[in-house]
Every structure is written in structure tokens, then in C-alpha cells.
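Structure assessment
Okay, here's what each chain looks like letter by letter:
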There are 2 protein chains.
Amino acid sequence: MTAEIITIGDELLIGQVVNTNAAWIGEQLHLLGVDLVRVISLGDDEQIIQDEVSRALSAAEFVVVTGGLGPTHDDVTKTAVAALFGAPLQFDEAVYEHVKARFARRGRRMAESNRTQAMVPAGFHVLPNPVGTAPGLWYVDGRSGTERLLAVLPGVPHEMRHLMLNEVLPRLREHRGLRIIVHRTLLTTGIGESDLQDRIGDVSKLLSPTCRLAYLPGTTGVRLRLTAYGHDREEVHGMLDRLEAHLRQTAGRYIFGENDDTLEAVVGRALAERGLTVAVAESCTGGYVLNRLTNTPGASAYVVGGIVAYSNRAKVGLLGVDPATLDDEGAVSGTVAAQLARGVRKRFGTDIGISTTGVAGPAGGTPDKPVGTVWIGYSDASGDHATLHHFVEERILNKELSSTAALNLIRRRITET
Amino acid sequence: MTAEIITIGDELLIGQVVNTNAAWIGEQLHLLGVDLVRVISLGDDEQIIQDEVSRALSAAEFVVVTGGLGPTHDDVTKTAVAALFGAPLQFDEAVYEHVKARFARRGRRMAESNRTQAMVPAGFHVLPNPVGTAPGLWYVDGRSGTERLLAVLPGVPHEMRHLMLNEVLPRLREHRGLRIIVHRTLLTTGIGESDLQDRIGDVSKLLSPTCRLAYLPGTTGVRLRLTAYGHDREEVHGMLDRLEAHLRQTAGRYIFGENDDTLEAVVGRALAERGLTVAVAESCTGGYVLNRLTNTPGASAYVVGGIVAYSNRAKVGLLGVDPATLDDEGAVSGTVAAQLARGVRKRFGTDIGISTTGVAGPAGGTPDKPVGTVWIGYSDASGDHATLHHFVEERILNKELSSTAALNLIRRRITET
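**Observations regarding the interface of chain B and chain A**
On the side of chain A, 76 residues touch chain B, which itself brings 75 residues to the contact. Inspection of the region where chain B meets chain A yields five salt bridges. Residue Asp10 of chain A pairs with Arg212 of chain B through a salt bridge whose shortest N-O separation is 2.9 Å. Applying the counting criterion to the chain B and chain A interface returns 32 residue pairs in polar contact (both at pLDDT 80 or more). Class assignment for the residues of the side of chain B that touches chain A results in 34 nonpolar, 27 polar and 14 charged.

Here's what the structure looks like:
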């Protein structure tokens, strides 16, 4: 099955927005075994959109269009697509009521321009959008003799993803003739790409043109993506099982999860299963560890709270750091990290306390403690300790890497002991 | 002048790589006033590349192709382009010496496959690549009577950028007849797209085919993008000045910044300019407000710290919330929000205290206080108060919207009073 993606919006052409939607949809199609031939970005120009959708439908079996579905005058995707099929726009009562209810729930009056969101091209199927106001559209085009499928989705990323996962991909899966392609992703953290490769060693005997392994480095760690193709489900899974077993045997301690797991969700699950609670004292990460931990639904079962102590006064007054230690070793030190972890554990009465203190940058570095120097502290009933990391020169990335190290430290301590 | 970008590589189609090259080139062309009509991503398929470059050259005056110039068998861009013009590949001694010297400098032996990097299509001009091995190519196509310009560049981002800045853009600037295009983006928050449109009212008298306004909604708010074209710089800026004046007059209180400003940086600047300090008490946002505030370099000048109080015990013990209020009104209430803001202000000794308490979801909603119910508290020397918001059903988005509302409340209070 072949596909094209058409992403719409002037903002894509002038570099104001990076086209993450296309990458995400491309990955989803790839996982399904659909062959994406072309991605096209266009401005909000009705005629060009109409021409391009028409061309795409003659070239590919499935076309997904995103963007330009909002209620304002520069959103012309729907009228372009409707015009292409000569389909008049018809008022859809159910969509209108959904949009109205959504505004009412948020205590806001609905502007009259939103009425346009309820106009649907005749013959198109509405894909309900519970996370936004613009519905998606689905059309099966039989004009050319072969069936062509068209999905039109909003450009807001979380709305697009919701509609793809819940409406579009199930419809595609039902479509016949897709070969079996199976992916598994093992998520590692705390080890670099080349060290990981050394540890895993020679896997050429387990690989083949239909069974592949890719190293995908990112800020949380290196993802190992295993892919196998075939026509026999058992055979495909057998290849992946053998490869996965080898990876787990050689690099298991660095593997924290699979597929869409996040480190924060894995840590949360590990805490919840053991009935453990955690509190966090953050200096250089400025709230990011707590933010990640509380992104997981149900986090209140194990996150009691935490303190962001940017000032030394807060470190002493709220977290019991010894002023003499601050004077002698500085705020960025192993002793202070351990005291912060212990202090926040005591303050919140939790099983575990964790802390970060470091030089996030761009300013504040010294020859002894350059930007990127970060201590992670850990405290539980058995004692306190701290580990030193040397990260990078970029502030946001330092916060990302430090928070990952802090979360991974919790994981290692509670799952390995 | 019209342009198209063609980015090449299987990795772009399967979601392994996000197409940042296209966004970067789009921005550069835009700054030059070149009208980018289309961005196309293709896999490493010689025939499709050839067809698409041919089509692009008949549709646009300038075509830039990136990717697929490496020495391996899946890099077919150069042969595809050469075949399109019937240009034989010729060995280029200077390129070969450059590649060899580059390997030698890094103490590595050059693999024979790199010899292909020195093969240049006859009639093409070499764009030297000092930061990599694959040279860029430049071609002026006069076949159709009007001159068409073609640049072929490596896909490695820093190599592509180097060649664009040093070789391609200067050549384009020399090209005659580039019209002026100017964009301004006004960033709003705290108002929905349609309410904003209603408030701004009828601007049709200020708009024309050469002066446009776009509404770009996102999680932080709606961006207003103003665009004007023309041949006279003063005239173009005059159109934008009139449009901007109208937008500021009708929606000024919702406009927090321009272009690449972030709300957290704007708030930080406003605090720093006034010598004010802030502390944050977070319940439903779980550290996200603090995280955003501390993303800005130099944040320690105005962020003293904060407390994430998920548990009621922490709200009472650390932040002085009245247990009777918790019993009577619940943790998600205006009174508790105000007490949290006051408590954290006192605790950290700051000028301003801000707080969040709400139901982030997915669980915890009640008929009275459904998921998405969020109170934002604010406290300064003049008193404490709280505002109620009704956000959405999605947890992460609730954290995003709540933190934006909290940051915007700081901005409004200190800049409007």
C-alpha cells in the first residue's frame, strides 16, 4: 500500500514550525508496513491544495492531509477538498453540538465563526475529535476504479495524533493486503551509543535483510529498534525473540522499558508496585524532575512533593543543608547533593529523597566546576549518597540529561537492590 | 521569485528524522523574500527524484535539493539530477584532492567508494564544502527560456547550512528582481482563536493580496502573523504598521511578545526589570511552572524557588494552608489557591507568590470539579486572590495550559498595575 502526506500551513514554509507531524505520521505508517512515497508541505492556498490533493490521490492509495481546518479565513483545506469532489458543504448538527458543548464546558461563549467547523462536505465521513473543535474527515474515493482513501486532519499535533490513532489507523489496518511488519523498541539510558554497541557485540548472525537492528540516540538514551518482516507471524516474532534475548542478556541493566514507555512512567510503576514514596529537591533542574514524575497519571500515589531551592537560603532554611558545607564545598558538591536528598526526604516524610545540584549554564561555570557539572543525590533509610555527572554546555539539555540521570538513579536503586 | 525544496532520504519518510532542514531553508528563503511554494520529501529512489526535480524546475524559479549525496549505494541524488540533464559524470580532480586531504587530516584512510564524491555532472558548478566531503552543485537551467536555478546540497544539517549561507544565498541575492517580504508575529495568550478574531473585528480594509494576517493557534496561545509584500520597503512597513496598530489597539492586553519570545522569558524580563522576585507553589502542575521559569538563562535573579505540594499534608505543613479550608472547600478551591500563593511567598520571602491547584486528570474529577478545573492563586504585598479556569481532559495539556495561565497572570499583574 502506498501513501502520501500533505501538510498545510504557511508557517511550515517560512520555517516558523518544524514539520513534526509528517515525521510522526511517517513513523506510524511505517510501523503498519505502508510505503510512504512523498511528503508535501503547502501554504494556505486553496487552488494549490486542491491540485495537490488531486494529484496525490491519483498517485497513492492513501492520502493524509493535515492542517488548515480551523475556523478562521486563512483555513481553506476543507473548502479546497470539498471543491475537488464537487461536494457542497453541509451543516452537521452533531459536530455543532460537540463544539458548543466544548465551549460551554470551559465556561466560554462560542464565537459565531465556529459554526464553520460544523460544515462538512457531502459524502465525507466525520471523524469525531474529542480533544479539539475541528473534526477530521474520511473519504473513500472510487472514481478511478481502484479505491483511494483520504483522511483530512487538524494540524494541532495532539489532535492529529488522537485522530490518527483512534480513527485513521484502525481503518487502514482493516484494509487488505498489508504484509506483516513487527517493530519492538528497547529503551536504554545511562550508556552512550558506542559503549552500548561494544557491550552488545557482534549480532550479525541474528540479523538478515528481514530482521534488522537500529541504534537511535536521543536525549533520554539510546533506543534499540528491532524490525522484522515476513508473511508468517510466528516466524517474524521468532526472529525478534532471538534478537531481543541477546540484547537483554548483554545490555539488560541499561534497558528501562519498551516502545512508548517513558522513564518517568517506568519509575512511577516501580515505586507504586513497591509502595514507595518519593520527594525531590531540585536546584539546577528547576522543577523538571518533579514535572516529569507528575506527567504520569496517578503520580500522586508516590510523589508526595518537592522543593525547588534556587537560593542557598532555601537550601539551608527549607532543606537543612549545612551552611558550613556550602561555604567549604559550594552548592555544587556531592555533600550538598546528599544533604538535599536527605533533607527533602525528611521534610516530606517519604521513603526516598532525590536531589539535583549543578551548573546548568550558560553562566556560572568555573575551571573547577564547568557548565554541565551536576551532582545527583539519593537518600533512603539505608543512607545518603551522590553521583557526579559531566553533561553539556546547553542549559535546557543539561536540565533534560540531569533529570534523566535522577530518574534512572531511582530506578536502579529500587529495582536492583 | 518562487522556490521549491526537495529533501531526500528514506529516514525522512519513516519518521526517523524530523525535517529540520526544510524549516531552516524555508526561513532563509523567507528572509530573502523568496516565495516558497512547496516542500517535498522523497525516499532514495532515482526515478522519483528525477521526475520530481524536473517538475519542480518547471514550476518554480529556484529549486534546492538536499540529501542523498553521500558515497554509499543508497545515495542516488547526483545520478538522478545528472540523468535529468543528460549530463555525464566527470571526475573532478580538485574535489578528489579535497576529499583525500580531509581523510588524511583526520588520520584515516580514504575508502575507494569516496572516489564517487569527486564525480560531477558535466556543466554543473561545484560548490566547495569545507565542512564535509560531498560538494554542493549549482546549475543554471535555460532550457525553458526563463532562467531556472538549481542547488543540490548534502543532507547533513551543518554542511547544508554552511553551503546555503556561503554559496547559495549570495548567488540568489545577486539574482535580480527579488521583492521585499516582511513578517511580524505578535504572540497572544489567554484568549481563544475565535474570541480573538471577534475582538479584532473586521480588518478587511487593512488586508490585501500583498498584506495578510494569519491566526496560528498553539498551546501557549494564538500567534498573529502579519505578512506584507512589495517593492518599496517603506510602503511594505507602512502596511504592517497600520495592521499592527489596529491589532494592538483591539487586542493589546493579550499580546505578550513578538516573534521568538517565550512567555517565560517575557515574564522573567518583566520581573528582572522591576527587581521583583517570585516563588511558586504547585499542585496540579507538579513543577512545570518552575521548570518553565528556570529555562531562561539568568532565572536565578528572580526565581527564588518553590514547593510542589501534591499531598494535603505538604500544603498544610509547608505552605500554611488552613486544614479547615481544605475540609470545607477542598484542595481545588480559590481559597486554597490564594493560601498557597501567600504561603509560598512568605516561605521564600519573595515579592510575588503564585500557585496552581486543580484536577489535571485523567482521574480525580467530580461533577462539581471536573477534570480540567484549575485555580491559579496570586499573592503580593497588596493582597491575595485566585482565578478559576476550565481547561481540557488531557493531563499533560492541562499542565501546559495551567502553567501558561500562571505565567500570564504574573505578566498581567506586574505590567498592568
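**Focus: the pattern of salt bridges**
Evaluated as defined, the whole model comprises 37 salt bridges over all chains. The shortest N-O distance in the salt bridge between Arg412 of chain A and Glu416 of chain A comes to 2.6 Å. One end of the pair, Arg412 of chain A, and the other, Glu416 of chain A, are both in helix α14 (residues 395-416), four residues apart, so they sit about a helical turn from each other. Note on Glu416 of chain A: relative accessible area 41%, which makes it partly exposed. When salt bridges with common partners are traced through the structure, they connect Glu4, Arg38, Glu52 and Arg55 of chain A together with Glu4, Arg38, Glu52 and Arg55 of chain B into a single cluster.

**Quick look at the sheet that holds strand β13 (residues 278-282) of chain A**
As summarised here, the arrangement of the ten strands in space is β17(A)-β16(A)-β15(A)-β13(A)-β14(A)-β14(B)-β13(B)-β15(B)-β16(B)-β17(B), forming an open sheet in which the pairing is mixed. The open sheet terminates on both sides in strands that have one partner only, identified here as β17 (383-390) of chain A together with β17 (383-390) of chain B. Averaged over all pairs of adjacent strands, the angle between their axes in this sheet comes to 15°, without regard to strand direction.

**A closer look at the environment of Ser204 of chain B**
All names here are of chain B. Following the sequence through the fold, Ser204 ends up in the loop between α7 (193-200) and β10 (211-217). On the accessibility criterion, Ser204 (45% relative accessible area) is partly exposed. Sequence spacing of Ser204 and Leu172 is 32 residues, and the spatial spacing of their C-alpha atoms is 34 Å. Within the local environment of Ser204, its side chain forms a polar contact with the side chain of Asp202, the two groups lying 2.8 Å apart.

**Digging into the packing of aromatic side chains**
All names here are of chain A. Under the criterion given, the structure shown has ten aromatic pairs over all chains. Aromatic side chains Phe124 and Tyr139 sit 4.4 Å apart centroid to centroid with 20° between the ring planes, which places their arrangement in the stacked category. Separated by 15 residues along the polypeptide, Phe124 in the loop between β5 (119-121) and β6 (125-127) and Tyr139 in strand β7 (residues 136-141) bring together distant segments of the chain. Per residue, the accessibility class of Phe124 equals that of Tyr139, and both read buried.

**Considerations on empty space enclosed by the protein**
A probe as big as a water molecule, rolled over the atoms, marks out the empty space that is left. This structure, assessed with the given rule, holds three cavities of 30 Å³ or more. Put simply, the largest cavity is a space of about 150 Å³. The wall of the largest cavity is formed by 17 residues, among which Asn19, Ala22 and Ser41 of chain A together with Asn19 and Ser41 of chain B lie closest to the centre. Secondary-structure elements contributing two or more residues to the lining of the largest cavity are α2 (20-32) and β2 (35-42) of chain A together with α2 (20-32) and β2 (35-42) of chain B. Residues belonging to the lining of the largest cavity are distributed by class as follows: 13 nonpolar, four polar and no charged. Together, Leu69, Lys78, Gln117, Met119, Val120, Ala134, Pro135 and Leu137 of chain A line the second largest cavity.

**Quick word on the pairing of β17 of chain A**
Residues and elements named next belong to chain A. The pairing of strand β16 (residues 373-380) with β17 spans eight bridges and is classified as antiparallel. Bridging from a neighbouring strand, Ser379 pairs with Asp384 of β17. Counting the residues that bridge the hairpin from β16 to β17 gives two residues.

**Details of helix α9 (residues 263-274) of chain B**
Along an α-helix, a turn takes 3.6 residues, which lines up residues three or four apart on a common side. All names here are of chain B. Helix length check: α9, at twelve residues, gives a terminal C-alpha distance of 17 Å against a target of 16 Å (1.5 Å per residue), a fit within 8%. Buried residues of α9: Leu263, Glu264, Ala265, Val266, Val267, Gly268, Ala270 and Leu271, and no others. On its buried side, α9 packs onto β12 (255-258), β13 (278-282), α10 (288-293), β15 (352-358) and α14 (395-416). Gly275, located one to two residues past α9, shows a positive phi value of around 65°.

**Describing the environment of Glu61 of chain A**
Residues and elements named next belong to chain A. Within the fold, Glu61 resides in the loop between α3 (46-59) and β3 (62-66). For Glu61, a relative accessible area of 29% corresponds to the partly exposed category. Considering only alpha carbons, one finds Glu61 and Leu150, 89 residues apart in sequence, at a separation of 8.5 Å. Apart from residues no more than four positions distant in its own chain, Glu61 is found in contact with Met1, Thr2, Glu147, Arg148 and Leu149.

**A word on the side chain of Thr373 of chain B**
All names here are of chain B. Looking at where Thr373 falls in the secondary structure, it is placed in strand β16 (residues 373-380). Residue classification places Thr373 among the buried positions, given a relative accessible area of 4%. There is a polar contact of 2.6 Å between the side chain of Thr373 and the backbone oxygen of Pro370. Thr373 has contacts with Val332, Thr357, Gly358, Val359, Leu388, His389 and His390, leaving out every residue within four places of it along the chain.

**Structural notes on unusual backbone geometry**
The amide bond that connects Gly361 of chain A to the next residue, Pro362 of chain A, takes the cis arrangement and shows omega of 0°. Within the secondary structure, Pro362 of chain A is located in the loop between β15 (352-358) and β16. The phi dihedral of Asn259 of chain B falls on the positive side, at around 50°, and the residue is not glycine. With respect to the helices, strands and loops of the structure, Asn259 of chain B is situated in the loop between β12 and α9. By relative accessible area, Asn259 of chain B is classed as partly exposed at 42%.

**Observations regarding the sheet that holds strand β12 (residues 255-258) of chain A**
Residues and elements named next belong to chain A. In spatial order, the strands read β10-β11-β9-β12; together these four strands make up an open sheet with antiparallel pairing. Two strands lie at the open edges of the sheet, namely β10 (211-217) and β12, each paired on one side alone. Pairwise comparison of adjacent strand axes, ignoring direction, gives a mean angle of 25° for this sheet. Bridging between β10 and strand β11 (residues 222-230) involves seven bridges; their strand directions are antiparallel. The residue bridging Arg212 from the neighbouring strand is Thr227, located in β11.

**Re the packing of helix α9 (residues 263-274) of chain A against α14 of chain A**
Residue and element names in this part refer to chain A. At a minimum axis separation of 10 Å, α9 and α14 run at an interaxial angle of 35°. Our pair here, α9 against α14, has a crossing hand that is left-handed. On α14, the residues that touch Leu263, Glu264, Val266, Val267, Ala270, Leu271 and Arg274 of α9 are Thr404, Leu407, Asn408, Ile410, Arg411, Ile414 and Thr415. Split into classes, the residues belonging to the contact of α9 with α14 amount to eight nonpolar, three polar and three charged.

Conventions and cut-offs
- Residues numbered from 1 in each chain as written.
- Chains lettered and ligands numbered in written order.
- Predicted model: local features only at pLDDT ≥ 70, side-chain atom pairs only at ≥ 80, totals over all residues.
- Heavy atoms only, no water.
- Contact = heavy atoms within 4.5 Å.
- Salt bridge = Lys/Arg side-chain N within 4 Å of Asp/Glu carboxyl O.
- Polar contact = N/O pair within 3.5 Å; in protein donor to acceptor, adjacent residues only side chain to side chain.
- Nonpolar A, V, L, I, M, F, W, Y, C, P; charged D, E, K, R; others polar.
- Helix = DSSP H or I, 4+ residues; strand = E, 2+ residues; numbered from the N terminus.
- Buried < 20%, exposed > 50% of the residue type's maximum accessible area, 1.4 Å probe, protein only.
- Pairing = 2+ DSSP bridges.
- Axes fitted to C-alpha atoms, helices over the stretch in contact; angles between N-to-C directions.
- Phe/Tyr/Trp six-rings, centres within 6.5 Å; stacked < 30°, edge-to-face > 60°.
- 1 Å grid on protein atoms, 1.4 Å probe; cavity = no way out; pocket = protein on both sides within 12 Å on 5 of 7 lines; lining within 4 Å.
- Points joined across faces, edges and corners; volume = space filled by probe spheres on them.
- Expected span 1.5 Å × (residues − 1).
- Left-handed = near helix turned anticlockwise from the far one by under 90°.

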